[in-house]
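# An overview of the molecular structure
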Amino acid sequence: MSRKTPIYEGKAKVLYEGTEPGTIIQYFKDDATAFNAQKRGTIAGKGVLNNMITEFVMTRLAEIGIPTHFIRRLNMREQLCRKCEIVPIEVVVRNIVAGSMAKRLGLEEGERLPRPIVEFYYKDDDLGDPLVSDEHILALGWASAEELEEIVGMTLRVNDYLCGLMRGIGIKLVDFKLEFGRVWEGDFAHLVLADEFSPDNCRLWDAETNEKMDKDRFRRDMGGVEEAYQEVARRLGVLPES
Ligand code: C5P
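Not measured: the values here are computed from a predicted model.

From N to C terminus, the chain includes six helices and 14 strands. Relative to a compact globule of 242 residues, whose C-alpha radius of gyration would be 18 Å, the chain shows 17 Å and is just as compact. A principal-axis box enclosing the C-alpha atoms of the chain has dimensions of 50 × 45 × 35 Å. Partitioning the intrachain contacts of the chain with sequence separation of at least 6 by distance along the chain shows that 57% fall at a separation of at least 24.

Written out as structure tokens, the structure is:
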């Protein structure tokens, strides 16, 4: 690790300069934060599991035609990705009411929505990632109208596909967060799905028992966090041999 040049250290990942031009390395840490880093901890083995789960999901999504930044997994904690300019928006899709939506609107957690809802949050830790509308995004120039349309289209396709994939392994996909990036080729940029897809940034409930299998176990001090992440990896068929 020490031989590589760090570009950015986030809450759960470190990004290094990649080994090939136009690439970065995502290193997955065991560190976990919640409530805009007010709560901190570690989840043993999380980095390894999130690396495997993200590889699996990004590979499946590429197969259905979603462009992603993922190139290949390098080892247990690192993956090689295309370098991109992150669009400063967190895109959240909700299928079932939970988390901040339940709180904000005074709704019961667990109510299935009549259709998926797409929300946007402005990526800014100091502001606590505020909820914004497409109007803010366009007026403030965070993305163009064409980009936003493409982002929403890709997000809904990802949701459709992953709902089915999760249903097949007895999991309800309650909600999740995606990030997108621009890969520049000369003056032209195309969008790719970036960051990660793991139990850190989605809500997964067991289809039979509604038991939580995601970071809410850490956020809400429910215990069994490592086991929940392992169970997701096991059902996806990517649990590394110990
Ligand atoms: O907290 P909230 O209900 O808005 O979260 C919606 C979804 O987005 C959850 O799956 C959560 O894990 C994810 N999320 C995230 N990063 C954030 C905020 C939310 O991955 N900064």
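Turning our eyes to something else, we now look at the packing of helix H1 (residues 46-63) against helix H4 (residues 145-167). In contact at an axis separation of 11 Å, H1 and H4 are set at 120° when each is read in the N-to-C sense. Overall, the two elements H1 and H4 adopt an arrangement that is oblique. When you trace H1 past H4, the crossing you get is right-handed. From H1, Phe56, Val57, Arg60 and Leu61 reach across to H4, where they touch Val158, Tyr161, Leu162 and Leu165. Class assignment of the residues belonging to the contact of H1 with H4 gives a composition of seven nonpolar, no polar and one charged.

Our next topic: the site of the ligand. In the vicinity of the ligand lie 16 residues, with Arg94, Ser100, Asp175, Asn201 and Arg203 positioned nearest. Between a nitrogen atom of the ligand and a side-chain N or O atom of Glu90, the distance comes to 3.0 Å. Compared with its free state, where it exposes 460 Å², the ligand has 79% of that area covered by protein. Of all the elements in the fold, those that place two or more residues in the shell around the ligand are strand S9 (89-96), helix H2 (99-105), strand S12 (171-185) and strand S14 (202-206). Per-class residue counts for the shell around the ligand are five nonpolar, three polar and eight charged.

Split into domains, the chain comes out as domain 1 (6-82) and domain 2 (85-224). For domain 1 and domain 2, the distance between their C-alpha centroids amounts to 17 Å. For the domain 1 and domain 2 pair, buried surface summed over both sides reaches about 2,300 Å², with 62% attributable to carbon and sulfur atoms. For the salt bridge of Asp221 with Lys39, the shortest nitrogen-to-oxygen distance reads 2.5 Å. Broken down by secondary-structure element, the contributors of at least two residues to the side of domain 1 that touches domain 2 are strand S3 (23-28), strand S4 (31-34), strand S5 (39-42) and H1.

Further remarks concern the packing of aromatic side chains. The tally for this structure, following the rule as stated, stands at two aromatic pairs. When the ring centre of Phe56 is taken as reference, the NZ or CZ atom of Arg60 above it lies at 4.8 Å.

As enumerated under the stated definition, the model contains 31 salt bridges in all. Where Asp30 meets Arg77, a salt bridge forms, and the shortest distance between an N and an O atom there is 2.9 Å. Taken as a pair, Asp30 in the loop between S3 and S4 and Arg77 in the loop between strand S6 (70-73) and strand S7 (78-82) lie far apart in primary sequence, 47 residues in all. Both residues of the pair, Asp30 and Arg77, belong to the buried class. Across the pair Arg219 and Asp216 runs a salt bridge, and its minimum N-O distance is 2.6 Å. With Arg219 and Asp216 both in helix H5 (residues 216-219), this residue pair falls three residues apart, about one helical turn. According to the relative accessible area criterion, Asp216 is buried, its value standing at 0%. One continuous salt-bridge network, built from bridges that share partners, spans Arg94, Arg104, Glu109, Glu119, Asp175, Arg203, Lys212, Asp216, Arg219 and Arg220.

Rules used in this analysis
- Every chain is numbered independently, its residues counted from 1 as its sequence is written.
- The predicted nature of this model means local features are confined to residues of pLDDT at least 70 and side-chain atom pairs, given and counted, to a pLDDT of 80 or more, with totals for whole chains, interfaces and linings taken over all residues.
- Side-chain measures were taken over the full set of non-hydrogen atoms in the model, leaving aside hydrogen atoms and water.
- Helix and strand assignments follow DSSP, with helices taken as H or I runs no shorter than four residues and strands as E runs no shorter than two, numbered in order from the N terminus.
- All radius of gyration figures rest on C-alpha atoms, and the globule criterion is 2.2 Å times the number of residues raised to 0.38.
- Residue contacts are counted whenever heavy atoms from the two residues lie within 4.5 Å of one another.
- Between the N-to-C directions of two axes lies an angle of 0 to 180 degrees, each axis being a line fitted to C-alpha atoms and, for a helix, fitted only over the stretch in contact.
- Roughly parallel covers angles under 35 degrees, roughly antiparallel covers those over 145, roughly perpendicular covers 65 to 115, and oblique covers all other angles.
- In a left-handed crossing the near helix is turned counterclockwise from the far helix by less than a right angle, and in a right-handed crossing that turn is clockwise.
- Note on residue classes: Ala, Val, Leu, Ile, Met, Phe, Trp, Tyr, Cys and Pro are nonpolar, Asp, Glu, Lys and Arg are charged, and everything else, Gly too, is polar.
- Residues are counted as near a molecule or strand when any one of their heavy atoms sits within 4 Å of it.
- A 3.5 Å cut-off defines polar contacts: any pair of N or O atoms within that distance qualifies, except that in protein one atom must be a possible hydrogen donor and the other a possible acceptor, and neighbouring residues in sequence count only when both atoms are side-chain atoms.
- What sets the accessible areas is the Shrake-Rupley method with a 1.4 Å probe; for residues, cover comes only from the shown protein chains.
- The domain limits used here are those given by an automatic or database domain assignment.
- Note on terms: buried area is the combined drop in 1.4 Å-probe accessible area of two parts once they are placed together, counting the loss on both.
- Within this document, salt bridges are pairs made up of a side-chain nitrogen of Lys or Arg and a carboxyl oxygen of Asp or Glu, the two lying within 4 Å of each other.
- Two rings belonging to Phe, Tyr or Trp (six-membered ring only in the last case) form a pair when the distance between their centres is within 6.5 Å. Interplanar angles under 30 degrees mark stacking, angles over 60 mark edge-to-face geometry, and anything in between is tilted.
- A positively charged side chain is recorded as over a ring if its NZ (Lys) or CZ (Arg) lies within 6 Å of the ring centre. The angle to the ring normal must also be within 35 degrees.
- Only protein chains enter the accessibility calculation, which uses a 1.4 Å probe; a residue is then buried when its area is under 20% of its type maximum, exposed when over 50%, and partly exposed in between.

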